[in-house]
Amino acid sequence: MTVKISQTAETQAFFKEAAGFANNDGNPRIKKIMFRVLNDLAKLIEDFDLTEDEFWTFADYVNRLGKRGEAGLLIAGLGIERFLDMRQDAIDAEIGQTGGTPRTIEGPLYVAGAPVAQGSTRMDDGTEDNVATVMFLEGQVLDLDGKPIAGATVDLWHANTKGNYSFFDKSQSEYNLRRRIITDSEGRYQARSIVPSGYGCDPQGPTQECLDLLGRHGQRPAHIHFFISAPGYRHLTTQINLAGDKYLWDDFAYATRDGLVGELVFREGGARGVSERCAELRFDFQLQKAADNKDEQRSHRPRALQVL
Ligand SMILES: [Fe+2]
């Protein structure tokens, strides 16, 4: 028989004490949230009649998740990062702040401070010249009327052919496949890079361990991440996910959305000064007007910083 004591006056008083309600220090908002967490956790323990072994396995899991730095990955995998976007979309719809390129999740692998280029740049360091397909990525940043936005910052990052990101993969050079491109007078940006590969969670890591228990894979389709920003416009966090990838609509992180699928067009050798077959990807972004200064900026989520 399940005994339930979490809602008794005695337990509630105990949780209030544990959440700091009895003192005047600390942070009132955090106290309220913690009180709710304690209550929800207690109810969960009671409703599922959690065993001691199950509970301490969970505590150990949290430790291992942190040690591996995979909290951001698990949040994406459980759809919570997608939920944050769904909620923001719903808020936007409510206040009529809609239109333009859809947002999608950032993921945990952005690194600030990538090299800045005017108009066009090469993103790869050439180390995969013999294995990668060269990709020419280009497009325009536009407003909702289709007018070009000059001086917008296209901050983009993607994986290499092994599905790994520079900074986190120490075998790659600094800022490989990470750039900031400032759009020209026609709002254009252009990058020569390599076609990225999709990737999966580390099969030995705690995120995949959780996904295994849910009967789910941890794979993502090939994709390119973007932060697009410009003075007077609303910051956009988004991705292009590549058409034809097996995981395009079966993304463990739920990042693929209508309007964010990019189609590679392959050109035979000799095109664009490249002797081998190369790929072209054209993608335009449309930004909403910013309601205020805060709107122009990305979230203050703690991110990895390149150590100089
Ligand atoms: Fe990614």
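See the structure above.
Definitions and limits used
Residues numbered from 1 in each chain as written. Predicted model: local features only at pLDDT ≥ 70, side-chain atom pairs only at ≥ 80, totals over all residues. Heavy atoms only, no water. Helix = DSSP H or I, 4+ residues; strand = E, 2+ residues; numbered from the N terminus. Expected span 1.5 Å × (residues − 1). Buried < 20%, exposed > 50% of the residue type's maximum accessible area, 1.4 Å probe, protein only. Arc of directions from axis to C-beta. Patch = residues over 30% accessible without salt bridge, like charges linked within 9 Å, V, L, I, M, F, W, Y side chains within 5 Å. Areas by Shrake-Rupley, 256 points an atom, 1.4 Å probe, with all protein chains shown as cover. Salt bridge = Lys/Arg side-chain N within 4 Å of Asp/Glu carboxyl O. Contact = heavy atoms within 4.5 Å. Polar contact = N/O pair within 3.5 Å; in protein donor to acceptor, adjacent residues only side chain to side chain. Axes fitted to C-alpha atoms, helices over the stretch in contact; angles between N-to-C directions. Parallel < 35°, antiparallel > 145°, perpendicular 65-115°, else oblique. Nonpolar A, V, L, I, M, F, W, Y, C, P; charged D, E, K, R; others polar.

### Things to note about helix α2 (residues 28-47)
Three- or four-residue spacings in an α-helix give side chains the same orientation, since the helix completes a turn every 3.6 residues. In a regular helix each residue adds 1.5 Å, so 20 residues correspond to 28 Å; α2 covers 29 Å between its end C-alpha atoms and thus fits that length. Within the span of α2, buried status applies to K31, F35, N39, A42 and E46. Along the axis of α2, the buried residues cluster in a sector spanning 75°; they form a single face. Relative to its buried face, α2 has exposed residues pointing more than 90 degrees away, namely R29 and R36.

### What to know about a nonpolar patch on the surface
Nonpolar side chains collect at one region of the surface, where I75, L78, I80, F83, L84, M86 and L214 lie side by side and expose about 630 Å² of accessible area between them. Assignment of secondary structure puts L84 in helix α5 (residues 80-95). For L84, a relative accessible area of 52% gives the class exposed.

### Details of the environment of T2
Within the fold, T2 resides in the segment before α1 (9-18). Separated by 45 residues in the primary sequence, T2 and D47 place their C-alpha atoms 7.9 Å from one another. Sequence-distant contacts of T2, that is, excluding residues within four places in its chain, are made with E46 and D49.

### Regarding the side chain of E280
Take E280: it is sitting in strand β14 (residues 278-282). For E280, a relative accessible area of 16% puts it in the buried group. Among the polar contacts made by the side chain of E280, one reaches the side chain of R272 at a distance of 2.9 Å.

### So, the packing of helix α3 (residues 52-67) against helix α6 (residues 206-213)
At a minimum axis separation of 9 Å, α3 and α6 run at an interaxial angle of 135°. Our classification of the angle between α3 and α6 gives oblique. Contact residues: Y61, R64 and L65 in α3; P206, T207, E209 and C210 in α6. Among the residues forming the contact of α3 with α6, the class breakdown is 4 nonpolar, 1 polar and 2 charged.

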